[in-house]
Amino acid sequence: MKIKIKKALCVLFAIILVCAGLSACGKSPCYAKITYSNGSSETLDKKDIKELRRLHSENEYAYDEKYSGNKIEAVDRISSISSSKSDAKISTYNWTFFLDDDNPIIVDLREGTLVKFYGELAKKTTGLPLVFVDTIEIIEEK
C-alpha cells in the first residue's frame, strides 16, 4: 500500500512540475506598439518584432517607408550598455537607443533589466533598429 501512495505522489509531483514549466514558457513581457502617422497602431509580439528586424536588415527602403518616423512604445530587456561620445548607447535584445550621459536612470540600468520606453523609430541604421527615446522607465531590475 505504501508503494502505491509513493508512486501516486511521485506522479502528482511530476505533473505539477511539468505544468509549472509549461506555464512559464513563452510568457515574455516584451512587446512593441507602433503608432503610425495616420493614427492607427499595431502591437507587435516577438514574432512580429523578428519580422521588423528582418525587414530592417534586408530592405532599407521598405523599412523606412513603413516604420521610420513613427512612434513606438516598447518593453524589452537590456543586453548591453556602452558609451558613445557624450551619450550612453543602450541595446536591448531588439532595439538600440542613446541616452545623454547625465540622464539619472543610466546608473540604475544593468544587463537583463526590463525597461519600457517611448520614442520614435529612426531611419534604417546598421545593427538593431534605432529609437529616439523620449521616456524610459525601469519595470524590473535584474
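In the block above lies the structure referred to throughout.
Residues numbered from 1 in each chain as written. Predicted model: local features only at pLDDT ≥ 70, side-chain atom pairs only at ≥ 80, totals over all residues. Heavy atoms only, no water.

**Side note on the overall build of the protein chain**
Along the backbone of the protein chain there are three helices and seven strands. Taken from N to C terminus, the helices and strands of the protein chain fall in the order α-β-β-α-α-β-β-β-β-β. When each of the 142 residues of the protein chain is scored for burial, the buried share is 33%. Taking contacts inside the protein chain between residues at least 6 apart in sequence as the whole, the part at least 24 apart equals 56%. (Helix = DSSP H or I, 4+ residues; strand = E, 2+ residues; numbered from the N terminus. Buried < 20%, exposed > 50% of the residue type's maximum accessible area, 1.4 Å probe, protein only. Contact = heavy atoms within 4.5 Å.)

**Focus: the pairing of strand β3 (residues 71–84)**
In this sheet, β3 lies alongside strand β1 (residues 31–35) in antiparallel orientation, the contact comprising five bridges. Bridged to isoleucine 34 within β3 is isoleucine 72. The sheet contact formed by β3 and strand β6 (residues 114–121) spans seven bridges and is antiparallel. Its bridge partner being in β6, arginine 77 is matched across the sheet by leucine 114. Both β3 and strand β4 (residues 87–92) contribute to a ladder of six bridges, which runs antiparallel. By the bridge assignment, isoleucine 78 is partnered in β4 with threonine 92. Taken together, β3 and the strand that follows it, β4, pair antiparallel across an intervening segment of two residues, in which lysine 85 is found at a positive phi of about 55 degrees. (Pairing = 2+ DSSP bridges.)

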